[in-house]
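Analysis of the macromolecular model
One-letter residues, chain by chain:
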Amino acid sequence: MKKKLSLLLIMSTLLIALAACGQKTASDTPGSGSTTSEGAASDGKSYTIAISQIVEHPSLDATREGFIAALKDAGIVEGTNLKIDYNNAQGDNTNNLSIAQKIAGGKNDLVFAIATPSALAVAQQVKDVPVVFAAVTDPLSAKIVSNLDQPGGNITGASDTNPEATTKLADFIASNFPNIKNIGLVINEGEPNAVVMAKKAEEEFKKHNIGLVKAAVTNTSEVKQAAESLIGRVDAFYITLDNMVVSGVDGIIQVANDKKLPFFSSDRDTVEKGAFATVGFKYFDHGYQAGQMAVDILKNGKKPGEMKVSMQEKLDLILNLKSAAAQGITVTDDMKKAVQDAEKNIIQ
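Here's what I pulled together on the structure shown here. (Residues numbered from 1 in each chain as written. Predicted model: local features only at pLDDT ≥ 70, side-chain atom pairs only at ≥ 80, totals over all residues. Heavy atoms only, no water.)

The subject of this paragraph is the sheet that holds strand β5 (residues 155-159). Ordered by their spatial adjacency, five strands build an open sheet running β2-β1-β3-β4-β5, and the pairing between neighbours is parallel. With one partner strand each, in any of the chains shown, β2 (82-88) and β5 form the two edges of the open sheet. Going across the sheet, the axis of each strand differs from the next one's by a mean of 15 degrees, ignoring polarity. Note: strand β1 (residues 47-53) against strand β3 (residues 110-114), five bridges, orientation parallel. The residue of β3 that forms the bridge with Gln53 is Ile114. Sheet strands touched by helix α11 (residues 283-300): β1, β3, β4 (131-136) and β5. Its angle to β4, the strand with the most contacts, is close to 170 degrees. (Pairing = 2+ DSSP bridges. Helix = DSSP H or I, 4+ residues; strand = E, 2+ residues; numbered from the N terminus. Axes fitted to C-alpha atoms, helices over the stretch in contact; angles between N-to-C directions. Contact = heavy atoms within 4.5 Å.)

This is the structure in structure tokens:
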């Protein structure tokens with residue numbers, strides 16, 4: 001009996017030793033130490049990032065998703081080594097300021113501001129924590145930064161515009177829609193980026209003898225009514241990267257479809273939703289670009305004020321064929337040929 005117990009004791013000791021050896025071997029294997037569930041190596045640190053977003057709509061939501069995806073790919077994963085304090089102002093300026101003030105009083109490693117109003121409020125309130133912005137059309141005019149190459153201070157980011165986009169869209173309209181003499185623009189004139197883009201669009205349309213007729217709104221609920229007020233005065237609709245208007249864009253789509261008027265936008269997500277065409281890019285990619293900038297700050301020690309504000313370089317014509325049918329548009333071969341990446345940018 002004693003021999004059997006001794007044998008069992010020896011076997012148990014050997015099993016425990018082997019298990020311990022196996023654990024040590026696994027942890028000592030290169031690249032298999034502290035890792036995220038996605039397999040990206042972690043630096044052992046934990047991060048807190050506050051996000052301020054002016055309103056929910058597809059482009060801004062996609063920007064946020066792209067930003068978080070870039071962090072994840074760099075091993076900064078929500079729920080593992082990242083805590084996100086997400087704040088949405090729901091299009092209200094008072095909420096927007098309160099959010100910026102709350103973030104300024106908190107303890108964050110970085111702040112991500114989505115859209116011009118959010119970026120402006122955060123820039124004014126947060127002075128001692130790195131700030132990265134995205135979905136900002138003109139950070140200079142909005143006075144978020146004073147220099148695009150050397151922003152200075154604690155802020156940098158990604159601009160969601162390229163002046164060539166408006167020029168190319170105006171050229172496309174003039175070449176393919178000779179009957180369009182006036183384009184209706186629903187606009188929130190209290191949003192700086194919308195005003196800047198509207199001015200640029202007016203200049204570009206004027207080169208083709210196309211007039212821009214504006215209908216102003218002060219909240220999302222007025223968007224459809226504003227579009228209806230343009231009926232009889234315009235031959236098509238156009239909107240800028242106007243957060244308030246994009247939030248209520250379903251109303252413009254409905255009017256455009258009912259009245260068989262072409263609807264042109266300034267972002268891909270609105271085309272996917274029901275506008276006919278734009279010259280643009282994916283906002284997920286735009287957010288991913290901003291996320292990579294955040295990674296450089298958090299993991300590589302880069303200083304925001306020394307990081308150049310990035311611009312969108314890859315532009316393409318994007319067409320929605322279902323929207324074309326709904327708006328009475330005959331899509332020609334020439335229109336399709338103008339799309340560089342037909343597989344991705346002709347939406348069936």
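Another point: the nonpolar core. Of all hydrophobic cores here, the largest spans 84 residues; its most connected members are Phe172, Ile173, Phe264 and Phe276. Tallying contributions element by element places α11 first for this core, with seven residues. Ala215, Val217, Met244 and Val249 belong to the second largest nonpolar core, which has 25 residues in total. (Core = buried A, V, L, I, M, F, W, Y, C linked by side-chain atoms within 4.5 Å. Buried < 20%, exposed > 50% of the residue type's maximum accessible area, 1.4 Å probe, protein only.)

Within this model, the largest pocket holds a volume of roughly 480 Å³. Looking at the lining of the largest pocket, the elements that each hand over two or more residues are α11, β11 (316-320) and α14 (342-345). Here the lining of the largest pocket takes three residues from α11, the largest share from any one element. Grouping the amino acids of the lining of the largest pocket by side-chain chemistry returns four nonpolar, six polar and eight charged. Put simply, the second largest pocket is a space of about 360 Å³. Taken together, 19 residues line the second largest pocket, and the ones lying closest to its centre are Ile54, Gly91, Asn93, Pro117 and Asn188. (1 Å grid on protein atoms, 1.4 Å probe; cavity = no way out; pocket = protein on both sides within 12 Å on 5 of 7 lines; lining within 4 Å. Points joined across faces, edges and corners; volume = space filled by probe spheres on them. Nonpolar A, V, L, I, M, F, W, Y, C, P; charged D, E, K, R; others polar.)

With that settled, the discussion passes to the pairing of β3. In terms of burial, β3 is largely enclosed, as five of its five residues are buried. Here β3 shows no split at all, with Leu110, Phe112 and Ile114 on one side and Val111 and Ala113 on the other all buried. With four bridges joining them, β3 and β4 adopt parallel strand pairing. When the bridges of β4 are listed, Val111 appears paired with Val131. Following the chain from β3 across helix α4 (residues 116-125) to the adjacent parallel β4, one finds a crossover that is right-handed. (Right-handed = clockwise from strand over helix to strand, strands pointing away.)

Attention shifts here to the packing of aromatic side chains. Considering all chains together, one arrives at seven aromatic pairs under this definition. With a centroid separation of 6.1 Å and an interplanar angle of 70 degrees, the aromatic rings of Phe264 and Phe276 are classed as edge-to-face. One end of the pair, Phe264, is in strand β9 (residues 263-264); the other, Phe276, is in the loop between α10 (268-273) and β10 (277-280), with 12 residues separating them in the sequence. By relative accessible area, which is 0% here, Phe276 ends up buried. (Phe/Tyr/Trp six-rings, centres within 6.5 Å; stacked < 30°, edge-to-face > 60°.)

What follows covers unusual backbone geometry. Backbone geometry at Ala115 places phi at a positive 90 degrees, although glycine is not the residue there. For Ala115, the location among the structural elements is in the loop between β3 and α4. Under the relative-accessibility criterion, Ala115 is labelled buried at 0%. Even without being a glycine, Lys143 presents a positive backbone phi close to 60 degrees. Positionally, Lys143 belongs in the loop between β4 and β5. Relative accessible area serves as the criterion here: at 71%, Lys143 is assigned to the exposed category.

Turning to the pattern of salt bridges, a few remarks are in order. Under the criterion given, the structure shown has eight salt bridges. With a closest N to O distance of 3.3 Å, Arg64 and Asp61 form a salt bridge. Residue Arg64 and its partner Asp61 are both found in helix α2 (residues 58-73); the two are separated by three residues, about one turn of the helix. In this structure, Lys308 and Asp149 form a salt bridge, with 3.8 Å as the shortest nitrogen-oxygen distance. Of the two residues, Lys308 sits in the loop between α11 and β11 while Asp149 sits in the loop between β4 and β5, which places them 159 residues apart along the sequence. A residue is classified by how much of its surface remains accessible, and Lys308, at 55% relative accessible area, is exposed. Overlapping salt bridges, with partners in common, bring together Lys200, Glu204 and Lys207 in one network. (Salt bridge = Lys/Arg side-chain N within 4 Å of Asp/Glu carboxyl O.)

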